[in-house]
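# Reading the structure
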Amino acid sequence: MAFSGSFHTFSALTASPSHPNLSSKLATPPYFSVATLGRRPIYPRQGCMVLVRASIDAKPTVLVAEKLGEAGIALLKDFANIDCSYNLTPEELCTKISLCDGLIVRSGTKVTREVFESSAGRLKVVGRAGVGIDNVDLAAATEHGCLVVNAPTANTVAAAEHGIALLTAMARNIAQADASVKAGKWQRSKYVGVSLVGKTLAVMGFGKVGSEVARRAKGLGMHVIAYDPYAPADRARAIGVDLVGFDEAIAAADFISLHMPLTPATAKILNDQTFAKMKKGVRIVNVARGGVIDEEALVRALDAGIVAQAALDVFTEEPPSKDSKLVQHERVTVTPHLGASTMEAQEGVSIEIAEAVVGALRGELAATAVNAPMVPAEVLSELKPFVVLAEKLGRLAVQLVGGGSGVKTVKVTYASGRAPDDLDTRLLRAMITKGLIEPISDVFVNLVNADFTAKQRGLIITEERVILHGSPERPLESIQVHIADVESRFTSAISEAGEIRVEGRIKDGIPHLTKVGPFEVDVSLEGSIILCRQVDQPGMIGSVGSILGEENVNVSFMTVSRIAPTKQAVMTIGVDDQPSKEALKRIGDIPAIEEFVFLKL
Ligand SMILES: NC(=O)c1ccc[n+]([C@@H]2O[C@H](COP(=O)([O-])OP(=O)(O)OC[C@H]3O[C@@H](n4cnc5c(N)ncnc54)[C@H](O)[C@@H]3O)[C@@H](O)[C@H]2O)c1
Ligand SMILES: O=C(O)[C@H](O)COP(=O)(O)O
């Protein structure tokens, strides 16, 4: 699908019938920026940052859909209106969400595509008060420009402790023996357990929880091996754990403890085939996600004696059905997804997620963004002026497209003295995309949905680096945006290569337009810009300046760039206010002016 837009509306300065929203778009400054969000300055702290849009005036509303610790609620209340509504049906959630800027859930709420659709663009951040984000439709969140953040660290120890609790309880039949004694029995020989010391534990998924489980199991005298294709070997070595392949892990293990996320690659990773490869009498602990085990296959493996025991905190369906064969199995110990449920973990998670959600709504740091690239704070502070420049160049370039041309291919050239791997351009690309798309559509673009939105519109953005010599004190010297295969409303913006080209640089911390087509210009990218091509002759600056003066339009900058004396020149005029239609017409009527265009930043 071609990305297209007509731009006569920009020169007419009023909304065209085909773009009813354009006049308000043009009249309203974009309220999404790196340096400010609304009138509030942003002071990057530590960690990483992604940006979201927030309402300028109203206090945001955050729906807390599952029980959250008091400390987190208190933090949220300082910043937002809080609606704590638990046990909502999917329909009730969809109804409420249209009034909410943020949503906080645990694992019990499914945040589906319908939720994002029902929010009609208002929902800016979903906070998952915990680790697993398998209950959030990330693709739908991204498509809707909604940031998803989680709380990945505060419940690690609680989950690891629960894993160890299940491991030891299973090995010594604690749950079964407890039920038996309470039923009035005294069955000492029935509940003889197995020892842990010297046994091999395979930790499947050697991340935060897995490595904490491994550390504790080592303390119990177990031999620990781990399977995790992405885990660094030095982390494993530091704990005294051998990283091995999947088959080797499951074949060698006396105990298997699962700690991987539920993904398409891990779904039902324990199944009939893999159970068949295990040591007879293996014992399995799952505090990760129910879906990583084929539960029916586990029942078969238990009945066949391959699996001696299982201890499960998580299930494919939660809560599992009352007559679940797995739950009712005599050699299975179960808990109702309690891994993260300690007082300490819930307090920590509530603070971690409240800070992430409030920060995201303020446009601040989101160190735990799940569906957006994270830009380290120090990189961000360096890039900040270039981010503003990038968006403005995108806005200018797209407004120069004319004749209903469809924009399909955009090339961005970064000139920098830095090594290619020392310049993170994702944020710049996202802002150029925002600048290119927002002036001609109703779509809101941010770091979350920029790539998706571009792709959906068939807009291909390629990036190119020009490596400059010299001391790379600043990250970038210039950014050029080239739009190929289009006509221009201002033919002088077409470069020697036949593309619309605009170039910008940062001067004294302020974005400047430094090139239009083949013409060197210099105008600060504030307010709006008039570009005129004229016959180079005396009096032109005065003629245009006096028309604007009569209109009380303040000129902030004016530069003239000419090909040769008395030939053609391009005059770039920065204006603080928007000239009237009449004034622009008068400028266009000056006989020496061959073409002109008014561009809104
Ligand atoms: N029961 C609970 O209450 C509870 C509490 C916390 C976490 N969890 C769950 O535990 C799991 C781990 O949490 P975490 O905080 O350690 O996450 P983590 O991201 O730190 O670790 C997950 C590890 O799994 C690895 N992994 C990914 N794909 C894999 C694959 N195909 N095979 C093997 N390993 C793979 C990753 O490399 C990573 O090291 C998650 O599913 C989380 O939802 C459950
Ligand atoms: O992924 C997690 O963090 C755990 O499964 C905890 O889930 P919960 O927040 O529903 O307790």
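Scroll up a little and you will see the structure.
All of the points below concern the structure found in this document. (Residues numbered from 1 in each chain as written. Chains lettered and ligands numbered in written order. Predicted model: local features only at pLDDT ≥ 70, side-chain atom pairs only at ≥ 80, totals over all residues. Heavy atoms only, no water.)

## Here we look at the overall build of the chain
- Along its length, the chain carries 20 helices and 30 strands.
- Relative to its full complement of 601 residues, the chain shows a buried share of 53%.
- Restricting the contact set of the chain to residue pairs at least 6 apart, pairs at least 24 apart contribute 68%.
- Counting only carbon and sulfur atoms, one obtains 54% of the accessible surface of the chain, whose full area is about 25,900 Å². (Helix = DSSP H or I, 4+ residues; strand = E, 2+ residues; numbered from the N terminus. Buried < 20%, exposed > 50% of the residue type's maximum accessible area, 1.4 Å probe, protein only. Contact = heavy atoms within 4.5 Å. Areas by Shrake-Rupley, 256 points an atom, 1.4 Å probe, with all protein chains shown as cover.)

## What to know about the site of ligand 2
- Neighbouring ligand 2 are Arg106, Ser107, Arg128, Ala129, Gly130, Val131, Gly132, Asn155, Arg289, His337 and Ala340.
- Contact distances for ligand 2 include 2.4 Å between an oxygen atom and a side-chain N or O atom of serine 107.
- Here an oxygen atom of ligand 2 sits 2.6 Å away from a polar atom, N or O, in the side chain of histidine 337.
- When the free accessible area of ligand 2 is taken as 320 Å², the share hidden by the protein chains comes to 91%. (Near = heavy atom within 4 Å. Polar contact = N/O pair within 3.5 Å; in protein donor to acceptor, adjacent residues only side chain to side chain.)

## Some words on the site of ligand 1
- Taken together, 25 residues sit near ligand 1, with Lys208, Val209, Asp228, Val287 and Asp313 positioned nearest.
- Contact distances for ligand 1 include 3.4 Å between an oxygen atom and a backbone N or O atom of glycine 132.
- With respect to ligand 1, the backbone of glycine 339 contributes an N or O atom lying 3.4 Å from an oxygen atom.
- Here ligand 1 has 860 Å² of accessible area as a free molecule, and 88% of this is covered by the chains.

## Describing the pattern of salt bridges
- The final tally for this structure, using the stated rule, is 29 salt bridges.
- Of the charged contacts in the structure, one is a salt bridge between glutamate 438 and lysine 434, with a shortest N-O distance of 3.0 Å. The exposure classification of glutamate 438 matches that of lysine 434, with both residues buried.
- Salt-bridge contacts for glutamate 520 lead to lysine 515; the nearest nitrogen and oxygen are separated by 3.7 Å.
- A network of salt bridges, in which partner residues are shared, links Glu391, Arg395, Lys434 and Glu438. (Salt bridge = Lys/Arg side-chain N within 4 Å of Asp/Glu carboxyl O.)

## Here we look at the sheet that holds strand 9 (residues 147-150)
- If you trace the five strands from one edge of the open sheet to the other, you get 6-5-7-8-9, paired in parallel fashion. The open sheet is flanked by strand 6 (81-84) and strand 9, the only strands paired with a single partner. Ignoring strand direction, the axes of neighbouring strands in this sheet form an average angle of 20°.
- This element, helix 3 (residues 70-77), spans strand 5 (61-64), strand 6 and strand 7 (102-105) of the sheet and lies at about 140° to strand 6.
- Strands in contact with helix 15 (residues 343-362) are strand 5, strand 7, strand 8 (125-128) and strand 9; relative to strand 8, the strand with the most contacts, it is inclined by about 170°. (Pairing = 2+ DSSP bridges. Axes fitted to C-alpha atoms, helices over the stretch in contact; angles between N-to-C directions.)

## Observations concerning the sheet that holds strand 13 (residues 255-258)
- Strand order across the open sheet formed by seven strands is 12-11-10-13-14-15-16, with parallel pairing between neighbours. Two strands bound the open sheet, and with one partner strand each, they are strand 12 (242-243) and strand 16 (332-334).
- In terms of strand pairing, strand 11 (residues 223-227) meets strand 12 through two bridges, oriented parallel. Note that in strand 12 the partner of alanine 226 across the bridge is leucine 243.
- Against the sheet, helix 13 (residues 295-303) touches strand 15 (307-312) and strand 16, its axis set at about 140° to strand 15.

## Side note on the nonpolar core
- Counting 53 residues, the largest nonpolar core has Leu400, Val410, Ile479, Ile483 and Leu513 as the members making the most contacts within it.
- Looking at this core, the element that brings in the most residues is helix 16 (residues 377-399), giving 10 residues.
- Residues within four places of isoleucine 479 in sequence aside, it is in contact with Phe386, Leu389, Ala390, Leu393, Val412, Thr413, Tyr414, Ile432, Val502, Glu503 and Gly504.
- The next biggest cluster of nonpolar side chains, apart from the first, holds 32 residues, and it includes Met204, Leu258, Val307 and Val332. (Core = buried A, V, L, I, M, F, W, Y, C linked by side-chain atoms within 4.5 Å.)

## Some words on the packing of helix 7 (residues 156-171) against helix 9 (residues 208-219)
- The geometry of helix 7 relative to helix 9 is characterised by a closest axis approach of 8 Å and an angle of 50° between their N-to-C directions. In terms of axis orientation, helix 7 runs oblique to helix 9. For helix 7 against helix 9, the interelement crossing comes out right-handed. Between helix 7, through Thr156, Val157, Ala159, Ala160, Glu161 and Ile164, and helix 9, the contact on the second element is made entirely by Lys208, Val209, Glu212, Val213, Arg216 and Ala217. (Parallel < 35°, antiparallel > 145°, perpendicular 65-115°, else oblique. Left-handed = near helix turned anticlockwise from the far one by under 90°.)

## Some words on helix 15
- In this model, helix 15 (20 residues) spans 29 Å end to end at C-alpha, consistent with the 28 Å of a helix rising 1.5 Å per residue.
- Positive phi shows up at glycine 363, right after helix 15, with a value of about 80°. (Expected span 1.5 Å × (residues − 1).)

## Considering helix 19 (residues 540-550)
- Among all positions of helix 19, only Met540, Val544, Ile547 and Leu548 are buried. Summarising the axial view, the buried residues of helix 19 lie within an arc of 95°, below the 170-degree limit, and thus occupy one face.
- Buried residues along helix 19 sit in contact with strand 27 (528-535), strand 28 (555-562), strand 29 (568-575), helix 20 (581-589) and strand 30 (593-600).
- At the exit of helix 19 stands asparagine 552, carrying a positive phi of roughly 65°. (Arc of directions from axis to C-beta.)

## Comments concerning the side chain of histidine 512
- Tracing the backbone shows histidine 512 in strand 25 (residues 510-516).
- Taking relative accessible area as the criterion, histidine 512 reaches 7% and is therefore assigned buried.
- Residues within four places of histidine 512 in sequence aside, it is in contact with Leu389, Glu503, Gly504, Arg505, Lys507, Asp522, Val523, Ser524, Leu525 and Phe557.

## Let's talk about the packing of aromatic side chains
- Overall, the coordinates contain one aromatic pair when judged by the stated rule.
- Judged by centre distance (5.3 Å) and plane angle (80°), the rings of tyrosine 227 and phenylalanine 246 are edge-to-face. On the criterion of sequence distance, the pair formed by tyrosine 227 in strand 11 and phenylalanine 246 in helix 11 (residues 246-252) is long-range, its members being 19 residues apart.
- Of the residues examined, phenylalanine 246 reaches a relative accessible area of 15% and is grouped as buried. (Phe/Tyr/Trp six-rings, centres within 6.5 Å; stacked < 30°, edge-to-face > 60°.)

## Side note on the environment of arginine 128
- Along the chain, arginine 128 turns up in strand 8.
- Setting aside chain neighbours within four positions, we find arginine 128 in contact with Val105, Arg106, Ser107, Ile133, Asn135, Val149, Asn150, Ala151, Arg289 and Ile353.

## A few points about the environment of leucine 584
- Of note, leucine 584 is situated in helix 20.
- By relative accessible area, which is 2% here, leucine 584 ends up buried.

All we've got here are geometric facts, nothing functional implied.
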